[in-house]
Amino acid sequence: SDELMVSICSIGVDSLLTPSAGLGDLSFCGSDSAKIYDTLSHFDKNKRSILLNSETDKMPTRLNIIKSVFSFSRETSEPIILYYAGHGITINGEFYLVPYDFDISVAKYTAIPLSLIIDIISDEIPWAILLFDACRTNGRLGRSERGRGRLVRRGLFATGNVCIVSSCGDGENAIEAPAIHGVHSGGIFTHFFVEAVRESLAAESRVSMGRIFSQLRDQVSSYAVELDGRSQTPQTFGIDINDLYLV
């Protein structure tokens, strides 16, 4: 197993510079990205981590996202955790992230293909975890509907030293909620991930990502049914998450 410090790139895209039909504004992606950044920065002893959302001076544009991933993979030998919350689209069977400056009239050229992110990540890095809490379905999906379409299995793949953690399974939507058990929330996937990491940190000196995922999967699945009567089951792809630890 690997026990190493990590660099964090946390990205949240609530709205687009150019409004696109079927890709409405989202409610919690910026705040979710900040929660992930604040929680996982504990493991970034070299203070390399980056937060990109509309509340910072680094907007989540296509160039800023690509440059951030590139700099991490070329300037450090540490593992990388990349978190993305926002819209996602599938083009010709491949999943794409939708950055702030996305333009649907040239969708393929302004979105960011998953294959590009994986290609940028250097083989010199021990491992990378890509956490996706991202819309896939078209249509405005906001708080009033209790859920928004998130990444599903179609278009997902991982190679080499990459582990992908998806907020939900094939054909499922991921639910967001203004509050969970009285705590201000957002995407329930992100809420329970942060909660699991914080609980683990309070109990032990290292965090097993495999244990985090197991707890997260059970809590998300259970709460989705409790809140909305829906099925939502987080999934992993690529290298075995049970071999990955944070210290």
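Quick notes on the rules
- Residues numbered from 1 in each chain as written.
- Predicted model: local features only at pLDDT ≥ 70, side-chain atom pairs only at ≥ 80, totals over all residues.
- Heavy atoms only, no water.
- Helix = DSSP H or I, 4+ residues; strand = E, 2+ residues; numbered from the N terminus.
- Buried < 20%, exposed > 50% of the residue type's maximum accessible area, 1.4 Å probe, protein only.
- Contact = heavy atoms within 4.5 Å.
- Polar contact = N/O pair within 3.5 Å; in protein donor to acceptor, adjacent residues only side chain to side chain.
- Pairing = 2+ DSSP bridges.
- Phe/Tyr/Trp six-rings, centres within 6.5 Å; stacked < 30°, edge-to-face > 60°.
- Lys NZ or Arg CZ within 6 Å of the ring centre and 35° of its normal.
- Salt bridge = Lys/Arg side-chain N within 4 Å of Asp/Glu carboxyl O.
- pLDDT = per-residue confidence, 0-100.

Caption draft 1: Region of interest: the overall build of the protein. A count of helical and extended segments in the protein gives 6 helices and 15 strands. Burial statistics for the protein: of 247 residues in total, 57% are counted as buried. Looking at the protein alone, contacts between residues at least 24 apart form 69% of all its contacts between residues at least 6 apart.

Caption draft 2: Expanded view of the side chain of Q232. Tracing the sequence through the fold places Q232 in the loop between α6 (209-228) and β14 (235-238). Engagement of the side chain of Q232 in a polar contact is seen with the backbone oxygen of S167, the distance being 3.0 Å. A polar contact is formed between the side chain of Q232 and the backbone nitrogen of I175, at a distance of 2.9 Å. Other than its neighbours up to four places away in sequence, Q232 contacts S167, C168, E172, N173, A174, I175, I188, F189, V220, S221 and A224.

Caption draft 3: Here's a closer look at the pairing of strand β4 (residues 80-91). Across the 12 residues that make up β4, a large majority, 11, are buried. Here 6 bridges tie strand β2 (residues 7-12) to β4, and the two strands are oriented parallel to one another. What sits directly across from I11, in β4, is Y84. Two strands pair when backbone bridges link them, and β4 and strand β5 (residues 94-97) are joined in this way by 4 bridges, in the antiparallel orientation. Counterpart to G88 in the pairing with β5 is L97. Connecting the antiparallel pair β4 and β5 is a turn made up of 2 residues, with N92 showing a positive phi of about 50°.

Caption draft 4: Looking closely at the environment of E75. Its location among the elements puts E75 in helix α2 (residues 62-75). Judged by relative accessible area, which is 58%, E75 ranks as exposed.

Caption draft 5: Fine view of the packing of aromatic side chains. Taken as a whole, this structure holds 2 aromatic pairs when the rule is applied. For the pair F95 and F132, a centre-to-centre distance of 5.8 Å together with 50° between the ring planes defines the contact as tilted. Here the residue F95 occupies a position in strand β5, and F132 occupies one in strand β7 (residues 128-135), the gap between them amounting to 37 residues. Just as F95 is buried, F132 falls in that class too. The residue whose ring lies beneath R206 is Y245, and the NZ or CZ to ring-centre distance is 4.0 Å.

Caption draft 6: Geometry of the pairing of β5. Burial of the side chains of β5 extends over both faces: E94 and Y96 are buried on one face and F95 and L97 on the other. Note that β5 and strand β6 (residues 112-113) share 2 bridges and pair antiparallel. Bridge pairing links L97 to I112 in β6.

Caption draft 7: Spotlight on the pattern of salt bridges. Enumeration over the complete set of coordinates arrives at 3 salt bridges. Across the salt bridge formed by K35 and D32, the nearest N and O atoms sit 3.6 Å from each other. Here K35 and its partner D32 are both found in helix α1 (residues 29-40), 3 residues apart, which amounts to about one turn of the helix. As far as the burial class goes, K35 and D32 line up, both buried. For the salt bridge of R211 with E204, the shortest nitrogen-to-oxygen distance reads 3.1 Å. Its relative accessible area of 52% is what places R211 among the exposed residues. Exposure remark for E204: the relative accessible area of 28% places this residue in the partly exposed category.

Caption draft 8: Inspection of the confidence of the model for the protein at higher detail. Per-residue confidence for the protein gives a mean pLDDT of 82, with 87% of residues at or over 70. Low pLDDT, under 50, characterises residues 136-154; the stretch is placed with 79 contacts to residues that sit more than four places away or in other chains.

Caption draft 9: Summary view of the environment of P99. Mapped onto the fold, P99 is located in the loop between β5 and α3 (107-110). In this structure the C-alpha to C-alpha distance between P99 and T61, which are 38 residues apart in sequence, comes to 5.2 Å. Non-local contacts of P99, meaning those with residues more than four positions away in its chain, are made with V13, L16, P60, T61, R62, I65, T110, A111 and I112.

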